Amino acid sequence: MSERKPVTLHRLREMHAAGEKVAMLTCYDATFARVLDEAGVDCLLVGDSLGMVLQGERGTTPVTLEHMAYHTRCVAQGNRTAWVIGDLPFGSYQESREQALRSAAVLVQAGAHMVKLEGGGWTADTVRFLVDRGIPVCAHLGLTPQSVHALGGWRVQGRGDVAAAQLLAHAKELADAGAAMLVLELVPAALAAEVTRALPVPIIGIGAGPQCGGQVLVLHDLLGLHPGKPPRFVRDFSDGSTGIAHAVRRYVDAVKNGTFPDPHLHCH
Ligand code: KIV
């Protein structure tokens, strides 16, 4: 059994101030929640990637608030000490701040400690509205899968001076609005490093290079269960491990000591 004290927002801020990297993984059920918690994963993200990983969909847009509440509840039941983040799914927060609050309340009542929402610009107002009402928020910029059609596919974001400046401006607005964490997905490593230096909150990278304040991976990718060829930045931690718990512990160690992600396998 894990002897760790519960990971709180305060503890995450202490870790960030001390330069300790945050190890986050996606998680969708009670059994994995227990295994990941005991292996020392700091944050369990109940990601809407469950649309692809569990439901076999091609993207995240078919996932509903009911699906997210169900899986958040499952994760909360198996978890003891990790910080649980619930993804607000497509269509559950874009309409108004009030809609976002109602949806966030559903996830918090299901056991989430924090909610995550995608996008920059218009989202800052929604983030402030939720934070003012006592709901910690994680923002998500870069490749935001709920907007994949508008972004022209699964491609690197923030390339070029104009796009990079806009992403940095959005990140600062979100932190000013009270976002306590920011996921940066599929952006050039140099830009992720700049955002990490500029913001006072942990930047959690996925395909964003090694200099972020933490890393997140989709659990099934870490376990080598990606159908076909995984993205370049993914590492299969099951390779050379004696079991799932061992693979997850190796991921946590590699994030904490900065040996994951590989500095040569990031986007430019
Ligand atoms: O839904 C998800 O799993 C995510 C991560 C890939 C960051 O948003």
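Reading the values: the criteria
- Throughout this document, residue positions are counted from 1 along each chain, in the order its sequence is written.
- Whole-chain, interface and lining totals are the exception, using all residues; otherwise, since this is a predicted model, local features are given only for residues with pLDDT of at least 70 and side-chain atom pairs are given and counted only at 80 or more.
- Values shown for side chains rest on all heavy atoms present in the structure; no hydrogens or waters enter the calculation.
- Any Phe, Tyr or Trp ring, taking Trp's six-membered ring, that has another such ring centre within 6.5 Å forms a pair; planes under 30 degrees apart are called stacked, those over 60 apart edge-to-face, and the others tilted.
- Runs of E in the DSSP output that reach at least two residues are strands. Runs of H or I that reach at least four are helices, and both are numbered from the N terminus.
- Think of it in three bands: with a 1.4 Å probe and only protein chains considered, a residue is buried below 20% of the maximum accessible area for its type, exposed above 50%, and partly exposed in between.
- Throughout this description, the term charge over a ring refers to an Arg CZ or Lys NZ atom that lies within 6 Å of the ring centre and within 35 degrees of the ring normal.
- Every residue pair with non-hydrogen atoms within 4.5 Å of one another is taken to be in contact.
- The salt bridge definition used is simple: a Lys or Arg side-chain nitrogen within 4 Å of an Asp or Glu carboxyl oxygen.
- What makes a residue near a molecule or strand is one non-hydrogen atom of that residue sitting within 4 Å of it.
- The definition of a polar contact used here is a pair of N or O atoms within 3.5 Å, where within protein one atom must be able to donate a hydrogen and the other to accept one, and adjacent residues in sequence count solely through side-chain atom pairs.
- A 1.4 Å probe and the Shrake-Rupley method give the accessible areas. Residues count as covered only by the protein chains that appear here.
- Three classes are used, and their members are as follows: Ala, Val, Leu, Ile, Met, Phe, Trp, Tyr, Cys and Pro are nonpolar, Asp, Glu, Lys and Arg are charged, and the others, Gly among them, are polar.

How do you make sense of the packing of aromatic side chains when you look at a structure like this?
A complete count under the given rule lists 4 aromatic pairs for this structure. Aromatic side chains F237 and F260 sit 5.5 Å apart centroid to centroid with 75° between the ring planes, which places their arrangement in the edge-to-face category. In this pair, F237 sits in the loop between α10 (219-222) and α11 (244-256) while F260 sits in the segment after α11, placing the two residues 23 residues apart along the sequence. With relative accessibility at 3%, the residue F260 sits in the buried group. An aromatic cluster of at least three residues, connected via ring pairs, comprises F237, Y251 and F260. We note R133 situated over the ring of F129; from NZ or CZ to the ring centre the distance is 3.6 Å.

Would you mind going over the environment of V137 with me for this structure?
Within the secondary structure, V137 is located in strand β5 (residues 137-142). The spatial distance from the C-alpha of V137 to the C-alpha of V115 is 5.1 Å, given a sequence separation of 22 residues. Excluding anything up to four places from it in sequence, V137 contacts M114, V115, L117, V127, L130, V131, A179, A180 and M181.

Could you clarify how one ought to interpret the environment of T123 in this entry?
Assignment of secondary structure puts T123 in helix α6 (residues 123-132). Using a relative accessible area of 0% as the deciding quantity, one classes T123 as buried. Along the sequence, T123 and G243 sit 120 residues apart, while their C-alpha atoms lie 40 Å from each other. Setting aside residues no more than four positions away along its own chain, T123 makes contact with L117, E118 and L174.

I keep staring at the pattern of salt bridges and nothing clicks. Help me out?
Pairing is possible between side chains that carry opposite charge, provided their charged atoms lie close to one another. Scanning the entire structure with this criterion turns up 8 salt bridges. The shortest N-O distance in the salt bridge between E14 and R11 comes to 3.3 Å. Of this pair, E14 and R11 both sit in helix α1 (residues 9-17), separated by 3 residues, roughly a single helical turn. Accessibility expressed as a relative area gives 38% for E14, which makes it partly exposed. We note a salt bridge from R11 to E20, for which the minimum N-O separation is 3.4 Å. A residue is classified by how much of its surface remains accessible, and R11, at 32% relative accessible area, is partly exposed. Residues participating in the shared-partner salt-bridge network are R4, R11, E14, E20, D37, D42 and K256.

I'm lost on the site of the ligand in this one. Help?
In the vicinity of the ligand, the contacting residues are T26, L45, G47, D48, S49, D87, K116, H140, V183 and I206. One of the side-chain nitrogen or oxygen atoms of D48 is found 3.0 Å away from an oxygen atom of the ligand. About the coverage of the ligand: the protein hides 96% of its 260 Å² of free accessible area. For the shell around the ligand, the per-class residue count stands at 3 nonpolar, 4 polar and 3 charged.

What exactly am I supposed to notice about helix α9 (residues 189-198) here?
Each α-helix winds once per 3.6 residues, and so residues spaced three or four apart point in a common direction. Within the span of α9, buried status applies to A189, L191, A192, A193, V195 and T196. Contact partners of the buried residues in α9: α8 (161-176), β6 (181-185) and β7 (203-206).

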